[in-house]
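Chain by chain, the residues run as shown.
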Amino acid sequence: MTIEPSSVPMAPILKALNGQTQAIPPVWFMRQAGRYLPEYRALRATTPDFISFCLNPEKAAEATLQPIRRFGFDAAILFSDILVIPQALGQNVAFEAGEGPVLGELPALEAMRDLAGQAGVHLKNVGETLMRVRAALDTDKTTLIGFCGGPWTVMTYMLNGRKAQDRTLIRAFVYDNPVYVAQLMDIVIEASAHYLKMQADSGAQVLKIFESWAEGLPDPYFHQLIIEPHQKLIARVRALGVTLPIIGFPRGSEVRLFDYLEAVNVEALALGTATPLKLGRELQKIKPIQGALDPVVLRSGGVALDAAIDRLMEAWGQGPYIFNLGHGIFLDTPIAHVELALKRIRG
């Protein structure tokens, strides 16, 4: 949807999402708040349990604001996790050292269905985090982004429990249990829609759908598990009265991106690290784009980082573009490399 012009100054991110080309593209980085920052590590050490940390409004707001204070990014993205949705649906979620997320037994479908419409209420602490951050931001310059996980990605964790990284297991489950998968997908969509609605009501200015595990799906499953759920999720969010721009990120699905844009009514498309420059230019003719600097080259720095930034700026800087990574910052990325990248981008 087009953002209506007004007498209020429009922040650079919102200008890009409105289709405007800017001499210097706005910039923010996925996982810009997190373990590569010493101030984050000190804050994180105060709360052993990660989900409890995400649901602590004071601490989550501080984590969200830390990279804005340090680097002056053009957007602050809510500090949270996509797995608050399974927790809101009654599934136990824990993060174990060396293991990552570990999810407990999946509740009965009917029990989760009863909880789906209350996801925004259950996650009201996230709303308080957003309100705190919004109050601290100069929104003429810095845009507040809320998000949820893509329905398929969230389901991979819910169904696989401890083995969420092994997507062959979840694909096998889809083949063997299509009715159950469709029912669970609808529940996740409903919960995610109410969660995004709550975020919009709490001060988010843009919403993003992180479909981190969109790659590798054969026909017709990309349509069934990515495109159709995103269509349903966005339609439900709009039906709940949300008018904010939405960025879609079906990571790793470069060969499907035209299909995605044709079918899913997002305001912008986030691109992963494997996106060819030529493809990005063609997609940019349809919708504003975001991405796709390799976080590995950000970590490496030097001449390679300068060259990678210059290539993206030259290829995509002549259209509506938000400079970002193609995936999240690595925890061992030097802060100096982030500072140098921002200087390079901003000229």
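What counts, and where the lines are drawn
- Residues numbered from 1 in each chain as written.
- Predicted model: local features only at pLDDT ≥ 70, side-chain atom pairs only at ≥ 80, totals over all residues.
- Heavy atoms only, no water.
- Helix = DSSP H or I, 4+ residues; strand = E, 2+ residues; numbered from the N terminus.
- Rg over C-alpha atoms; globule rule 2.2 N^0.38 Å.
- Buried < 20%, exposed > 50% of the residue type's maximum accessible area, 1.4 Å probe, protein only.
- Contact = heavy atoms within 4.5 Å.
- Areas by Shrake-Rupley, 256 points an atom, 1.4 Å probe, with all protein chains shown as cover.
- Lys, Arg positive; Asp, Glu negative; His and termini not counted.
- Charge placed at Lys NZ, Arg CZ, Asp CG, Glu CD.
- UniProt positions renumbered as here; feature names shortened; annotations may be inferred.
- Core = buried A, V, L, I, M, F, W, Y, C linked by side-chain atoms within 4.5 Å.
- Salt bridge = Lys/Arg side-chain N within 4 Å of Asp/Glu carboxyl O.
- Expected span 1.5 Å × (residues − 1).
- Bend = angle between axes of the 7 residues up to and from the residue.
- Polar contact = N/O pair within 3.5 Å; in protein donor to acceptor, adjacent residues only side chain to side chain.
- Arc of directions from axis to C-beta.
- Pairing = 2+ DSSP bridges.
- Axes fitted to C-alpha atoms, helices over the stretch in contact; angles between N-to-C directions.

> So what's going on with the overall build of the protein? Residues and values would help.
Along the backbone of the protein there are 17 helices and 9 strands. Compactness check: the protein gives a C-alpha radius of gyration of 19 Å against a globular reference of 20 Å for 347 residues, within 12% of the reference. A principal-axis box enclosing the C-alpha atoms of the protein has dimensions of 55 × 45 × 45 Å. Counting all 347 residues of the protein, 57% fall into the buried class. A separation of at least 24 residues holds for 73% of the contacts in the protein among residues at least 6 apart in sequence. For the protein, the exposed area adds up to about 14200 Å²; of that, 53% sits on carbon and sulfur atoms. Treating the 33 positive side-chain charges of the protein as one cloud and the 35 negative ones as another, the clouds have centres 4 Å apart.

> Run through the UniProt feature "domain: Uroporphyrinogen decarboxylase (URO-D)" (unreviewed entry) in the protein, naming residues and quoting values.
UniProt's feature table lists "domain: Uroporphyrinogen decarboxylase (URO-D)" (unreviewed entry) at residues 26-35, given in the numbering used throughout. With 0% helix and 0% strand, residues 26-35 has its two end C-alpha atoms placed 23 Å apart.

> How would you explain the nonpolar core if you had to name every residue and give the values?
W28, F29 and F323 are the most contacted members of the largest nonpolar core, which totals 124 residues. With 12 residues, the top contributor of residues to this core is helix 11 (residues 178-201). If we ignore the near neighbours within four places in the chain, the residues touching F323 are P25, P26, V27, W28, F29, G291, L293, I309, L312, M313 and I345.

> Just give me the short version of the pattern of salt bridges, but keep the residues and values in it.
Here the idea is simple: oppositely charged side chains can pair when their charged atoms come close. On inspection of all chains with the given rule, the structure shows 14 salt bridges. When the shortest N-O distance is used, the salt bridge between R236 and E190 registers 2.9 Å. Taken together, the residues R236 in helix 12 (residues 221-239) and E190 in helix 11 connect sequence positions 46 residues apart. Classification of E190 as partly exposed rests on a relative accessible area of 22%. Between K285 and E282 there is a salt bridge, with the nearest N and O atoms lying 3.0 Å from each other. For E282, a relative accessible area of 32% corresponds to the partly exposed category. Through salt bridges with shared partners, a single network forms among D306, D310 and R344.

> Describe in detail helix 4 (residues 57-71), supporting the description with residues and values.
Quick reminder: α-helices carry 3.6 residues per turn. Residues three or four places apart thus point the same way. Its 15 residues give helix 4 an end-to-end C-alpha distance of 22 Å, which sits within 8% of 21 Å, the value for a rise of 1.5 Å per residue. At L65, helix 4 shows its largest kink, close to 30 degrees, and the proline P67 lies no more than four residues downstream. Within helix 4, 11 of the 15 residues are buried, leaving the element largely enclosed by the surrounding structure. Among all positions of helix 4, only P57, K59, A60, A61, A63, T64, L65, Q66, P67, I68 and F71 are buried. By the N-cap criterion, in which a side-chain oxygen at the helix start approaches the backbone nitrogen of a residue two or three places on, helix 4 is capped by N56, the distance to E58 being 3.1 Å. Backbone geometry just after helix 4 places G72 at a positive phi near 70 degrees.

> Just give me the short version of helix 17 (residues 335-346), but keep the residues and values in it.
Taking 1.5 Å of rise per residue, the 12 residues of helix 17 would be expected to cover 16 Å, and the 17 Å separating its terminal C-alpha atoms lies within 8% of that figure. Listing the buried residues of helix 17 in full gives I335, H337, V338, A341, L342 and I345. Down the axis of helix 17, the smallest arc covering the buried residues is 160 degrees, so these residues share one side. Summarising the contacts, the buried residues of helix 17 are in contact with helix 2 (38-44), helix 4, helix 15 (295-300) and helix 16 (302-316).

> Before we move on, could you go through the environment of I51 and cite the residues and values that matter?
One can find I51 in helix 3 (residues 50-54). In this structure the C-alpha to C-alpha distance between I51 and V84, which are 33 residues apart in sequence, comes to 7.5 Å. In contact with I51, not counting residues within four places along its chain, are Q87, V93 and F95.

> Requested: an account of the sheet that holds strand 6 (residues 246-250), with residues and values cited.
Read across the sheet, 7 strands follow the order 1-4-5-6-7-8-9 without closing on themselves; strand pairing throughout is parallel. Each of the sheet's edge strands pairs with one partner strand only, and the pair in question is strand 1 (75-77) and strand 9 (321-322). Note: strand 8 (residues 289-290) against strand 9, 2 bridges, orientation parallel. The residue of strand 9 that forms the bridge with I289 is Y321. Most of the contacts of helix 11 go to strand 4 (residues 143-149), to which it runs at about 165 degrees, and overall it touches strand 4 and strand 5 (206-211).

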